[in-house]
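Residue strings, one per chain:
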Amino acid sequence: MLFDNHGRKINYLRLAVTDRCNLRCFYCMPENGIKYIDRNDLLTFEEMTRLITVFGDLGISKIRITGGEPFIRKGIMNFLEDISQLDTIEEINVTTNGSFTIDHIPHLEKMGIKSINLSLDSLDKQRFFDITRRDLFDDVMATYRALVRSKMKLKINMVVMEGRNIEDIYPMLELAKKDDVSIRFIEEMPFNGTKGQGNQSFWSMKQILAHIQKKYQFKKLIDPVSSTSINYQINGFEGSFGIIAAFTRTFCGSCNRIRLTPQGSMRTCLYSNGGINFRDILRSGATDGQLADHLKTLLNQRAKDGFEAEEKRHLNNPISESMATIGG
Ligand code: SAM
Ligand code: SF4
């Protein structure tokens, strides 16, 4: 089993398989002028599989595939098929914008993908367009309906933003009346790929909860171990909702996750700078034992929480990257 220098068990890897995306959610990327990572600098699927195999032997048992938009990368389905067959990996989950996920659903189900997180920030076509800058609302909603019918667990990720989608909070909750879906309201973080202009439309967890309380009665659910969301259920509803305090960072004390960026940089905290680049180490011919040692070294230097991680990077490298290069 893997532990960090604060005694937290680490068993969860979030892997961003690409930084490319067909949407331009304003809180994640600027509309124009994005410099994508050179293709040769991306980890190949073979390299990712090797890293997952080594990390799996150390204690990583849960993987989330994210991006950029994971289904944009050619070969993603074969890669998922390969890692779904590793004995050490007990759970694979995928986060997607749903714009061209629908055709893959039967295959994802068949290979045993446990859950899909669908990003959906508005149930109004115009507001969806204003946020994502792309006219793909109908495709995403078709994916939503197909996912509700599938065997995979479905969660909706909605970033809550003043002046953007506050009026969507109640309709979004109404989805959980009949559908077995978990609606997760996320605090906006400053990772929008522009320097110093992050999360001006920020709504805190407290504000979100107070807003929901004005209309609904709900009970607290027992949160899964290391959950980032605090979860609730509205009386009589089939599904549930949760709030993720991604900016106020209330969950760092039990954080079990590490992140690998599309170019192989390992982040032991969302708010940290990239630590060691595993692509470079792999390409220099490292053995499995050396890869394992590098991961252990990083975990021995892990910040105690997102505030400490951010403080450490602040002087020479304030947050300016896009979430698409980290994976969320
Ligand atoms: N493209 C896929 C998608 O949108 O689901 C996967 C990658 S996306 C970076 C992963 C998650 O990060 C999405 O749910 C998105 O809403 C969230 N995200 C992106 N930028 C964010 C920000 N600045 N603050 C909070 N969440 C953000
Ligand atoms: Fe693309 Fe996801 Fe970022 Fe939106 S949040 S721009 S869908 S990577």
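Described below are features of the structure shown in this document. Please read these numbers as outputs of a predicted model, since none were measured by experiment. (Residues numbered from 1 in each chain as written. Chains lettered and ligands numbered in written order. Predicted model: local features only at pLDDT ≥ 70, side-chain atom pairs only at ≥ 80, totals over all residues. Heavy atoms only, no water.)

## Focus on the site of ligand 2
At step 1: Every residue close to ligand 2 is listed here: Cys21, Leu23, Cys25, Cys28, Gly68, Asn97 and Ala324.
At step 2: When grouped by side-chain class, the residues that make up the shell around ligand 2 number five nonpolar, two polar and no charged. (Near = heavy atom within 4 Å. Nonpolar A, V, L, I, M, F, W, Y, C, P; charged D, E, K, R; others polar.)

## So, the pattern of salt bridges
At step 1: This model, assessed by the stated rule, comprises 19 salt bridges.
At step 2: As a salt-bridge pair, Arg283 and Glu47 come within 2.8 Å of each other at their nearest N and O atoms. Pair noted here: Arg283 is in helix α8 (residues 278-283) and Glu47 is in helix α1 (residues 45-58), with a separation of 236 residues, a long-range link.
At step 3: For Glu47, a relative accessible area of 14% translates into the label buried.
At step 4: Between Asp223 and Lys220 there is a salt bridge whose closest N-O contact spans 3.0 Å.
At step 5: The network of salt bridges with common partners includes Lys304, Asp305, Glu308 and Lys312. (Salt bridge = Lys/Arg side-chain N within 4 Å of Asp/Glu carboxyl O. Helix = DSSP H or I, 4+ residues; strand = E, 2+ residues; numbered from the N terminus. Buried < 20%, exposed > 50% of the residue type's maximum accessible area, 1.4 Å probe, protein only.)

## Here we look at the packing of aromatic side chains
At step 1: What the rule picks out here adds up to 12 aromatic pairs.
At step 2: Pairing Phe202 with Phe247 gives two aromatic rings, centres 5.1 Å apart and planes at 65°, and the pair type is edge-to-face. Linking Phe202 in the loop between β8 (181-187) and α7 (205-213) with Phe247 in the loop between β11 (240-244) and β12 (257-260), this pair joins segments that are 45 residues apart in sequence.
At step 3: Residue class for Phe247 comes out partly exposed when judged on its relative accessible area of 25%.
At step 4: Where Tyr232 meets Phe241, the ring centres are 5.2 Å apart and the plane angle is 25°; that geometry is what we call stacked.
At step 5: Note on Tyr232: relative accessible area 11%, which makes it buried.
At step 6: The exposure class of Phe241 is buried, given its relative accessible area of 1%.
At step 7: A network of ring pairs unites the aromatic residues Phe185, Phe218, Tyr232 and Phe241 as a single cluster.
At step 8: Taking NZ or CZ as reference, Lys220 lies 5.5 Å from the ring centre of Tyr232, over its face. (Phe/Tyr/Trp six-rings, centres within 6.5 Å; stacked < 30°, edge-to-face > 60°. Lys NZ or Arg CZ within 6 Å of the ring centre and 35° of its normal.)

## Notes on the side chain of Glu47
At step 1: Of the polar contacts made by the side chain of Glu47, one reaches the backbone nitrogen of Thr44; its length is 2.9 Å.
At step 2: Ignoring sequence-local partners within four residues, the contact set of Glu47 consists of Leu42, Arg279, Leu282 and Arg283. (Polar contact = N/O pair within 3.5 Å; in protein donor to acceptor, adjacent residues only side chain to side chain. Contact = heavy atoms within 4.5 Å.)

## Let's talk about the layout of surface pockets
At step 1: Estimated volume of the second largest pocket: approximately 410 Å³.
At step 2: Lining the second largest pocket are 22 residues, with Gln263, Ser320, Glu321, Ser322 and Thr325 sitting closest to its centre.
At step 3: Residues that form the lining of the second largest pocket fall into these classes: seven nonpolar, 10 polar and five charged. (1 Å grid on protein atoms, 1.4 Å probe; cavity = no way out; pocket = protein on both sides within 12 Å on 5 of 7 lines; lining within 4 Å. Points joined across faces, edges and corners; volume = space filled by probe spheres on them.)

Keep in mind these numbers describe shape, not what the thing actually does.
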